[in-house]
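# What the coordinates show
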Amino acid sequence: MGEQGVRQQRAMIWQLVLPVLWIGVVFAISFIEAPLKFQAPGITIPLGLGIGRLVFTALNAVEVVLALALIVVSFWPRATALAAGLKGLLLSIVIVLVLKVAVVRPPLNARTNEVLAGADPGQSPWHYIYIALDLVLLALLVVFVVRQSGRILARMGAPTPSKSEPSTV
């Protein structure tokens, strides 16, 4: 295998590793750390919101870096460029990320500022919208990983189950 073939393999592996890492980061922060933080002794709502803002700012920065890295390895080298279906899936992933960061986070930050200033802004749908977008993002990333895994297996010449063949598993 030549140097270009090695680069292609590496790019395809990164096309798989990056979304898997992204899934782990989002799941760990959004669905484990965030709810548990408020159960810790001595954590008040304002303190938890302040910590949450810092953690989610960092999370979103990591997500943007992962998205940019995934875009780069998905189109370079050109021989490993994604198939049309995966390109659409990648575009959907990026759109959901932009919605989370640019549309939902600003009102969440404004609400946190109000609480930290001592106000009671009442109920807000923004946390639920953010959670829903995280769930959509995770689903899209899982589909991306499954499809990319199939693409890698096909490139390796590994047998893939056929719909007409009975499964032995």
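See the structure shown above.
Every value quoted in this text rests on a predicted model; they were computed, and no experiment measured them.

If you look at the biggest cluster of nonpolar residues, it comprises 26 residues, and the most contacted ones within it are Trp 22, Val 26, Leu 70, Ile 93, Tyr 130, Leu 137 and Phe 144. Contributing elements (two or more residues each) for this core: helix H1 (3-37), helix H2 (45-75), helix H3 (84-116) and helix H4 (126-156). Ranked by residues supplied to this core, first place goes to H3 with eight residues.

To continue, consider the packing of H3 against H4. As a packed pair, H3 and H4 sit with axes 9 Å apart at the nearest point and diverge in direction by 160°. Relative to H4, H3 is oriented roughly antiparallel. Crossing of H3 over H4 shows left-handed handedness. Class assignment of the residues belonging to the contact of H3 with H4 gives a composition of 20 nonpolar, four polar and six charged.

A surface patch of nonpolar side chains, about 330 Å² in accessible area, is lined by Leu 91, Ile 95, Leu 99 and Val 103. Looking at where Val 103 falls in the secondary structure, it is placed in helix H3. When its relative accessible area of 42% is taken as the criterion, Val 103 is described as partly exposed.

By the secondary structure assignment, Arg 105 is in helix H3. Although buried, Arg 105 forms no salt bridge, and the nearest oppositely charged side chain, Glu 63, lies 7.3 Å from it. A polar contact is formed between the side chain of Arg 105 and the backbone oxygen of Phe 56, at a distance of 3.1 Å. Polar side-chain contacts of Arg 105 include one of 2.5 Å to the side chain of Asn 60. Apart from residues lying up to four places away in sequence, Arg 105 is in contact with Arg 53, Phe 56, Thr 57, Asn 60, Lys 100 and Tyr 130.

Before going further, it helps to spend a moment on the pattern of salt bridges. Pairing of side chains with opposite charge becomes possible as their charged atoms draw close. Inspection of every chain in the model, using the stated rule, returns three salt bridges. Lys 37 serves as the salt-bridge partner of Glu 33, at 3.5 Å between the closest nitrogen and oxygen. Taken as a pair, Glu 33 and Lys 37 lie in helix H1 at a separation of four residues, close to a single helical turn. Among the ionic pairs, Lys 100 bridges to Glu 63, the shortest N-O distance being 2.8 Å. Note that Lys 100 is positioned in helix H3 and Glu 63 in helix H2, a separation of 37 residues in sequence. Assigned by exposure class, Lys 100 and Glu 63 land together as buried. The structure contains a network of salt bridges with shared partners spanning Glu 63, Lys 100 and Asp 134.

Cut-offs used in this document
- Residues numbered from 1 in each chain as written.
- Predicted model: local features only at pLDDT ≥ 70, side-chain atom pairs only at ≥ 80, totals over all residues.
- Heavy atoms only, no water.
- Core = buried A, V, L, I, M, F, W, Y, C linked by side-chain atoms within 4.5 Å.
- Buried < 20%, exposed > 50% of the residue type's maximum accessible area, 1.4 Å probe, protein only.
- Helix = DSSP H or I, 4+ residues; strand = E, 2+ residues; numbered from the N terminus.
- Axes fitted to C-alpha atoms, helices over the stretch in contact; angles between N-to-C directions.
- Parallel < 35°, antiparallel > 145°, perpendicular 65-115°, else oblique.
- Left-handed = near helix turned anticlockwise from the far one by under 90°.
- Nonpolar A, V, L, I, M, F, W, Y, C, P; charged D, E, K, R; others polar.
- Patch = residues over 30% accessible without salt bridge, like charges linked within 9 Å, V, L, I, M, F, W, Y side chains within 5 Å.
- Areas by Shrake-Rupley, 256 points an atom, 1.4 Å probe, with all protein chains shown as cover.
- Salt bridge = Lys/Arg side-chain N within 4 Å of Asp/Glu carboxyl O.
- Lys, Arg positive; Asp, Glu negative; His and termini not counted.
- Polar contact = N/O pair within 3.5 Å; in protein donor to acceptor, adjacent residues only side chain to side chain.
- Contact = heavy atoms within 4.5 Å.

All we've got here are geometric facts, nothing functional implied.
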